[in-house]
Amino acid sequence: MVRGKVVINNEVGLHARPASIFVQETNKFQAKVTLIKDGYEYDGKSIMSVLTMGAYKGSEIEIICEGEDEKVALESIIEFVEEELKSY
């Protein structure tokens, strides 16, 4: 299991289209992806779970990856949030 933290930096947070794109990214990996925000756990591969998280601009989330490709998954997801997601 590996974990890391990231701050949501796009204008609308993880809502609608950005959440959909985020889930597409997490589903590229075999590892289980769990998100933690404000002490609650969310399934990082479920659009409904990501939407109910309420991650707005400036929200810090912890990402936990467990499984075969966990290290690659964590690095890729953090990079995705920091670089690619900010254009949405």
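Residues numbered from 1 in each chain as written. Predicted model: local features only at pLDDT ≥ 70, side-chain atom pairs only at ≥ 80, totals over all residues. Heavy atoms only, no water.

## Digging into the overall build of the chain
Then, in step 1: Check the secondary structure of the chain and you find three helices and four strands.
Then, in step 2: The order of helices and strands in the chain, counted from the N terminus, is β-α-β-β-α-β-α.
Then, in step 3: Taken over C-alpha atoms, the radius of gyration comes to 11 Å for the chain, in line with the 12 Å a tight globule of 88 residues would show.
Then, in step 4: When its C-alpha atoms are laid out on the principal axes, the chain stretches across 35 × 25 × 20 Å.
Then, in step 5: Residue burial in the chain is summarised as follows: out of 88 residues, 48% are buried.
Then, in step 6: Partitioning the contacts of the chain with sequence separation of at least 6, the portion at a separation of at least 24 is 72%. (Helix = DSSP H or I, 4+ residues; strand = E, 2+ residues; numbered from the N terminus. Rg over C-alpha atoms; globule rule 2.2 N^0.38 Å. Buried < 20%, exposed > 50% of the residue type's maximum accessible area, 1.4 Å probe, protein only. Contact = heavy atoms within 4.5 Å.)

## Considerations on helix α3 (residues 70–84)
Then, in step 1: Over its 15 residues, α3 extends 20 Å from the first C-alpha to the last, a length consistent with the 21 Å expected when each residue adds 1.5 Å.
Then, in step 2: The set of residues buried in α3 consists of E70, A73, L74, I77, I78, F80 and V81. Looking straight down α3, one finds its buried side chains confined to an arc of 155°; they lie on one side. More than 90 degrees from the buried face of α3, the exposed residues found are K71, E75 and E79.
Then, in step 3: Those residues of α3 that are buried are in contact with β1 (2–7), α1 (17–26), β2 (32–37) and β4 (60–66). (Expected span 1.5 Å × (residues − 1). Arc of directions from axis to C-beta.)

## Let's talk about the packing of α1 against α3
Then, in step 1: For the pair α1 and α3, interaxial distance at closest approach is 10 Å and the crossing angle is 160°. For the element pair α1 / α3, the angle class is roughly antiparallel. Read as a crossing pair, α1 and α3 show a hand that is right-handed. Facing α1, whose interface residues are I21, F22, E25 and T26, α3 presents S76, I77, F80 and V81.
Then, in step 2: Of the residues assigned to the contact of α1 with α3, the class counts are five nonpolar, two polar and one charged. (Axes fitted to C-alpha atoms, helices over the stretch in contact; angles between N-to-C directions. Parallel < 35°, antiparallel > 145°, perpendicular 65-115°, else oblique. Left-handed = near helix turned anticlockwise from the far one by under 90°. Nonpolar A, V, L, I, M, F, W, Y, C, P; charged D, E, K, R; others polar.)

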